[in-house]
Amino acid sequence: MSTLGDFPRITPFLWFDNNAEDAVNFYLSIFKNSRRLEVQHNPDGHSGPANVLTIAFELDGQKFTALNGGPMFKFTEAVSFVIRCDSQEEVDEYWAKLSAGGSEGQCGWLKDKFGLSWQVVPARALELIKNPKAFQAMLKMKKLDLAELERAAKG
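For the structure given in this document, a descriptive report is provided here. Predicted model only: the values in this text are computed from it and were never measured.

### Let's talk about the overall build of the protein chain
Line of reasoning, step 1. When helices and strands are tallied, the protein chain shows five helices and eight strands.
Line of reasoning, step 2. Across the protein chain, helices and strands are ordered from the amino to the carboxyl terminus as β-α-β-β-β-β-α-β-β-β-α-α-α.
Line of reasoning, step 3. By its C-alpha atoms, the protein chain is 65 × 30 × 25 Å across when sized along the principal axes.
Line of reasoning, step 4. Out of the 155 residues belonging to the protein chain, those deemed buried represent 41%.
Line of reasoning, step 5. Taking the contacts inside the protein chain whose residues are at least 6 apart along the sequence as the reference set, 58% of them involve residues at least 24 apart.
Line of reasoning, step 6. Total accessible area computed for the protein chain in this model is approximately 9,000 Å², and 53% of it derives from carbon and sulfur atoms.
Line of reasoning, step 7. Separation of charge centres in the protein chain, based on 18 positive and 20 negative side chains, amounts to 6 Å.

### Things to note about the sheet that holds strand β5 (residues 80–85)
Line of reasoning, step 1. Overall, mixed pairing links the four strands, which are arranged β5-β8-β7-β6 in an open sheet. Each of the sheet's edge strands pairs with one partner strand only, and the pair in question is β5 and β6 (103–104).
Line of reasoning, step 2. Sheet topology note: the strand β7 (residues 109–111)/strand β8 (residues 117–122) ladder contains three bridges and is antiparallel. Across the sheet, W109 pairs through a bridge with Q119, a residue of β8.

### Let's talk about the sheet that holds strand β4 (residues 62–68)
Line of reasoning, step 1. Spatially, β1-β4-β3-β2 is the arrangement adopted by the four strands of the open sheet, whose pairing is mixed. Both outer strands of the open sheet, β1 (13–16) and β2 (35–41), are each paired with one neighbouring strand and no more. Averaged over all adjacent pairs, the angle separating strand axes in this sheet is 20°, with direction ignored.
Line of reasoning, step 2. Two elements, β2 and strand β3 (residues 52–59), share six bridges in a ladder whose sense is antiparallel. Of the residues in β3, the one forming a bridge with Q40 is T54.
Line of reasoning, step 3. Taken strand by strand, helix α1 (residues 20–30) contacts β1, β2, β3 and β4, and its axis lies near 10° from that of β3.

### Examining helix α4 (residues 132–139)
Line of reasoning, step 1. Looking only at α4, the buried set comprises A134, A137 and M138. Each buried residue of α4 sits inside an arc of 100° when the element is viewed along its axis, so together they form one side.
Line of reasoning, step 2. Looking at the buried positions of α4, the neighbouring elements they touch are α3 (125–128) and α5 (146–154).

Criteria and cut-off values
- The residue numbering used here restarts from 1 in each chain and proceeds along that chain's sequence as written.
- Only residues with pLDDT of 70 or above have their local features reported here, since the model is predicted, and side-chain atom pairs are shown and tallied only from 80 upward, although totals for entire chains, interfaces and linings are computed over all residues.
- Side-chain metrics in this entry use all non-hydrogen atoms of the structure; hydrogen atoms and water are not considered.
- Numbered from the N terminus, helices here are DSSP runs of H or I no shorter than four residues, and strands are runs of E no shorter than two.
- Relative accessibility decides the category of a residue: with a 1.4 Å probe and only protein chains considered, values under 20% of the type maximum give buried, values over 50% give exposed, and everything between is partly exposed.
- Any two residues whose heavy atoms approach within 4.5 Å at even a single point are treated as in contact.
- Here, Shrake-Rupley sampling with a 1.4 Å probe gives the accessible areas, and only protein chains in the shown set may cover a residue.
- Just so you know, the count uses Lys and Arg for positive and Asp and Glu for negative, and it drops His and the chain ends.
- Throughout, a charge is located at the NZ atom of Lys, the CZ atom of Arg, the CG atom of Asp or the CD atom of Glu.
- The pairing criterion for strands is at least two bridges between them, as found by DSSP.
- Structural elements are reduced to axes, namely lines fitted to C-alpha atoms, with helices fitted over the stretch in contact, and the angle between N-to-C directions of any two is expressed from 0 to 180 degrees.
- Comment: arc refers to directions from the helix axis out to C-beta atoms.

Here it is, written out as structure tokens:
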């Protein structure tokens, strides 16, 4: 079992309405080297939006906690998680899985079906968009296309 003392000093804490378990299962199915760490149920006599209060989990080494907190708060694009991808194949895979049931944004941003924002970014993108032509090309993209960014940077 995990305790908060086992977590890094700073850990993302995600507020869901009543579907934290569905969200955690969804994320665990997408990211390799991921696992559920601990589930805390609502104490006896305490009603909440779900039987599960929190779920501690890890996605590729990053620890998170998901809370069934009720409908008071929603995710916004003001906070997102960046996925560094080493190839276009990784970009394509994460984009397809995370955007399924969600929505595609601009410049590599998407919202998953739970409303959480992600940026799916090729590792070389930040270097490439220093070039104004590559930056302009990126502004026209939804899912980032590494080959197109490279062409624009050369061109």
